[in-house]
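Residue-level structure breakdown
Chain residues, written in single-letter form:
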Amino acid sequence: MTGFARRAVAVVFVAGLIVSACAGSDDEPAAIDPKLGGEATRSATNRNAFGLPVKGLDDDQRLDFEVGDSFFNQNWVTSPASTKARDGLGPTFNAQACSSCHGLDGRGAPPIDADDTSTLGLLLRLSVPGTSPAGGPMPEPTYGDQLQDRAVPGVKPEGIVAIDWVSETGSFDDGATYELRRPKIDTSDLAHGPLGDDVMISPRLAPQVMGVGLLEAIPEASVRAAADPDDADGDGISGRINLVPDPHTGDEILGRFGWKANVGTVEGQVAGAFHGDMGITSPLFPDENCHSDDPSCVAAIGGGSPEIPQETFDRVVFYNRTLAVPAMRDFESPHVRSGAEQFGTVGCAGCHTTSQTTGPADVPMLSEQTISPFTDLLLHDMGPGLADGRPDFAASGTEWRTPPLWGLGLVPVVNGERFMMHDGRARTFEEAIMWHGGEAQAAADAFAALDADERADLIAYLEAL
Ligand code: HEC
Ligand code: HEC
């Protein structure tokens, strides 16, 4: 046997990352595996860090990726147009391109203040009490399930969204203070009269998109096995699955994507985005998005039927699925290593699961990978401070899906700024953590009880992801 084995290497879990430490030598720092996306990891640290394909694509797949990339990034235009490939925008819409909200495959930013009325990073989902025939939220009767604040010429935008921020301060146990802000949402210039009195509004920030192919490849059985709806293990963290319809068959499947795990597949998410965000019909959603009885909307000229044909649509789906996850940086720094340990100790990994294994997938780099997505894909009650009060399939008005944390450290490089939580209220990691309530209250309290150096190490770890 080698010296390696004689030194009795103990494999331990620190924050769920598999690290190997030599038994008996406390000063030997634990090692972290920086390849958060397994073989689907790339190590760029520049503005295009979220935009690289996984390695190992063959020539045909490479072409699919590149064509998908161009349809993700370029603006769609109003019909009739000289370009037949990208026409059909609207009649109502929020943005002209996927990349308007997911800039460089990254995140959106919420409005700065009430005078900033762009919704390119933050959109509003709408519903009224009740359940739709598909088992989901009941769309607002006039405006549908999303407020579209832009429209083609001759059609009225549905309304304008204004957000004001209300601030409050809090303090850590050592007396250091922090500021939290929450959005106050207002709608105006509503084209078809006021929203229903019982309307429920859920603001949603555009998240980064890379890594969704890996999240899709996590076996449903693993996600179900981690669910603990009645908190049988008594750790204060339950975790429930969402169930949503398969867009092809209508059968119930596991929800994985969106802030409430309200969509089951990347294909369903992409089709929903084309339809709801841009007004582009696809093979999955062939009808124009005219929920109002606005005859000008119904009469608006479309850009073909469907407006994005199957082959192009499939390429945009493939593009999203094969965007690689960026590797960790600074993973050898002692601060980052100590932060990884804090992440486990204060209980963050109870939901932000640090190790998952994907099942078989059509793309080799997505198949059978050990990954660190930092999500259990489950719904958690996050307390009244974050509640939108709007159920979404099985998710209640206080529940949110644990978001993946991979790549979050690079968001400022890619997008210039970094806003977090479902509505972009958090401007720093401290704020994001101190908003955690409900099932995550104990973790937030444990973070607040750390000393300043320990808090800084935990943040250094998040910055390195
Ligand atoms: C108006 C802004 C906007 C546009 C345009 C937009 N998205 Fe999104 N995207 C969002 C928001 C908001 C979410 C979260 C949705 C939710 O919680 O229901 C999201 C979620 C996603 C996700 C799931 C990420 C995850 O981890 O759950 C993918 C994939 C995605 N979008 C792809 C696309 C594609 C492809 C397009 C273009 C066809 C597109 N988006 C256009 C705002 C946008
Ligand atoms: C009970 C489950 C749970 C625990 C424990 C938990 N989180 Fe979260 N975390 C969530 C959920 C759910 C959200 C999304 C909430 C929202 O958007 O309103 C979230 C959001 C975040 C975000 C923002 C991510 C984004 O994409 O905007 C960060 C950063 C984060 N958590 C870090 C932590 C850290 C650090 C800890 C430990 C101190 C922790 N979380 C503990 C469930 C949890």
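These figures come from a predicted structure and were not determined experimentally.

Scoring rules and cut-offs
Residues numbered from 1 in each chain as written. Chains lettered and ligands numbered in written order. Predicted model: local features only at pLDDT ≥ 70, side-chain atom pairs only at ≥ 80, totals over all residues. Heavy atoms only, no water. Helix = DSSP H or I, 4+ residues; strand = E, 2+ residues; numbered from the N terminus. Rg over C-alpha atoms; globule rule 2.2 N^0.38 Å. Buried < 20%, exposed > 50% of the residue type's maximum accessible area, 1.4 Å probe, protein only. Contact = heavy atoms within 4.5 Å. Areas by Shrake-Rupley, 256 points an atom, 1.4 Å probe, with all protein chains shown as cover. Lys, Arg positive; Asp, Glu negative; His and termini not counted. Charge placed at Lys NZ, Arg CZ, Asp CG, Glu CD. Donors = N, O, S within 2.8 Å, 3.2 Å for Na, K, Ca; no water. Tetrahedral: all angles 85-135°; square planar, octahedral: opposite > 155°, others 65-115°. Axes fitted to C-alpha atoms, helices over the stretch in contact; angles between N-to-C directions. Parallel < 35°, antiparallel > 145°, perpendicular 65-115°, else oblique. Left-handed = near helix turned anticlockwise from the far one by under 90°. Pairing = 2+ DSSP bridges. UniProt positions renumbered as here; feature names shortened; annotations may be inferred. Salt bridge = Lys/Arg side-chain N within 4 Å of Asp/Glu carboxyl O. Phe/Tyr/Trp six-rings, centres within 6.5 Å; stacked < 30°, edge-to-face > 60°. Near = heavy atom within 4 Å. Polar contact = N/O pair within 3.5 Å; in protein donor to acceptor, adjacent residues only side chain to side chain. 1 Å grid on protein atoms, 1.4 Å probe; cavity = no way out; pocket = protein on both sides within 12 Å on 5 of 7 lines; lining within 4 Å. Sits in = over half its atoms within 2 Å of the grid points. Nonpolar A, V, L, I, M, F, W, Y, C, P; charged D, E, K, R; others polar. Points joined across faces, edges and corners; volume = space filled by probe spheres on them.

What about the overall build of the protein chain?
- Across its full length, the protein chain carries 13 helices and 17 strands.
- A globule of 465 residues ought to have a C-alpha radius of gyration of about 23 Å, and the protein chain, at 22 Å, matches this closely.
- For the protein chain, the proportion of its 465 residues judged to be buried stands at 52%.
- For the protein chain, the share of sequence-separated contacts (at least 6 apart) that also reach a separation of at least 24 residues comes to 67%.
- Of the roughly 19,200 Å² that the protein chain leaves accessible, carbon and sulfur atoms contribute 53%.
- Across the protein chain, the mean location of the 31 positive side-chain charges is 4 Å away from that of the 69 negative side-chain charges.

Section: the coordination of the iron atom of ligand 1
- Of the protein atoms, His102 (NE2) alone serves as a donor to the iron atom of ligand 1, at 2.0 Å.
- With respect to the helices and strands, His102 occurs in the loop between α3 (98-101) and β5 (122-131).

A short note on the coordination of the iron atom of ligand 2
- At the metal site, the iron atom of ligand 2 is ligated by His352 (NE2) and His436 (NE2), and these contacts range over 2.0 Å.
- Because the angles between the six donor atoms bound to the iron atom of ligand 2 fall within 88 to 179 degrees, the donor set is best described as octahedral. With His352 in the loop between α9 (334-345) and β14 (356-357) and His436 in the loop between α11 (429-435) and α12 (441-448), this residue pair connects regions lying 84 residues apart in the sequence.
- Look at His352 and you get buried, because its relative accessible area is 11%.

A look at the packing of helix α6 (residues 266-278) against helix α8 (residues 310-321)
- Where α6 contacts α8, the two axes come as close as 9 Å, and the packing angle between them is 120 degrees. In terms of axis orientation, α6 runs oblique to α8. Classified by chirality, the crossing of α8 by α6 is right-handed. Between α6, through Val266, Glu267, Val270, Ala271 and Phe274, and α8, the contact on the second element is made entirely by Phe313, Val316, Val317, Asn320 and Arg321.

Quick word on the sheet that holds β5
- Strand order in the open sheet formed by three strands is β6-β5-β10, with antiparallel pairing between adjacent strands. Unpaired on one side and paired on the other, β6 (137-138) and β10 (200-205) mark the two borders of the sheet.
- Inspection of the sheet shows β5 paired to β6 by two bridges, in the antiparallel sense. Looking across to β6, one finds that Thr131 is bridged to Pro137.

Let's talk about the UniProt feature "domain: Cytochrome c" (unreviewed entry) in the protein chain
- With numbering aligned to this structure, UniProt lists the feature "domain: Cytochrome c" (unreviewed entry) at residues 63-245 and 334-465.
- The span residues 334-465 carries 34% helix and 8% strand; its end-to-end C-alpha distance comes to 15 Å.

Observations concerning the side chain of Glu439
- With respect to the helices, strands and loops of the structure, Glu439 is situated in the loop between α11 and α12.
- For the buried residue Glu439, which engages in no salt bridge, the nearest side chain bearing the opposite charge is Arg240, 6.9 Å off.
- Here Glu439 is in contact with Gly236, Ile237, Ser238, Gly239, His380 and Asp381, once residues within four sequence places are set aside.

Brief notes about the packing of aromatic side chains
- Here the structure, examined in full by the defined rule, presents ten aromatic pairs.
- Seen in terms of ring centroids, Trp76 and Phe274 are 5.7 Å apart; in terms of plane orientation they differ by 70 degrees. Their pairing is edge-to-face. Placement of the pair is Trp76 in the loop between α2 (59-73) and β4 (92-93) and Phe274 in helix α6, with a sequence separation of 198 residues. Accessibility classification places Trp76 together with Phe274 in one group, the buried group.
- Between the aromatic rings of Phe374 and Tyr461, the centroid separation amounts to 6.3 Å while the plane-to-plane angle is 75 degrees, which identifies the pairing as edge-to-face. In this pair, Phe374 is assigned in the loop between β15 (370-371) and β16 (379-381) and Tyr461 in helix α13 (residues 452-464), connecting sequence segments 87 residues apart. You'll find Phe374 and Tyr461 in the same group, each marked buried.

Side note on the pairing of strand β9 (residues 177-188)
- Of the strand pairs in this sheet, strand β8 (residues 160-171) and β9 are connected by twelve bridges, and their pairing is antiparallel. The residue bridging Ser167 from the neighbouring strand is Arg181, located in β9.
- A loop of five residues connects β8 with β9, the two strands running antiparallel in sequence, and Gly175 in this loop sits at a positive phi of about 100 degrees.

Some remarks on the site of ligand 2
- Near ligand 2 there are 28 residues, and of these Arg107, Cys348, Cys351, His352 and His436 occur at the shortest range.
- Between ligand 2 and His422 there is a distance of 2.7 Å, counted from an oxygen atom to a side-chain nitrogen or oxygen.
- Take His436: an N or O atom from its side chain is 2.8 Å from a nitrogen atom of ligand 2.
- In a pocket analysis with a 2 Å cut-off to the grid points, ligand 2 is assigned to the largest cavity.
- Elements with a minimum of two residues in the shell around ligand 2: β17 (399-401), α11 and α13.
- Residue composition of the shell around ligand 2, by class: 19 nonpolar, six polar and three charged.

Things to note about the layout of surface pockets
- Estimates place the volume of the second largest pocket at around 220 Å³.
- Tallied by class, the residues present in the lining of the second largest pocket amount to seven nonpolar, six polar and four charged.

Focus: the pattern of salt bridges
- According to the stated counting rule, one finds 17 salt bridges in the structure shown.
- Notably, a salt bridge pairs Arg427 with Glu179, separated by 3.1 Å at the nearest N-O pair. Of this pair, Arg427 sits in the loop between α10 (411-415) and α11 while Glu179 sits in strand β9, and the two are 248 residues apart along the sequence.
- Accessibility expressed as a relative area gives 30% for Arg427, which makes it partly exposed.
- Take Glu179: its relative accessible area is 36%, and that puts it in the partly exposed class.
- Linking Asp392 and Arg390 is a salt bridge whose minimum nitrogen-to-oxygen distance equals 3.4 Å. With respect to burial, Asp392 and Arg390 carry one shared label: buried.

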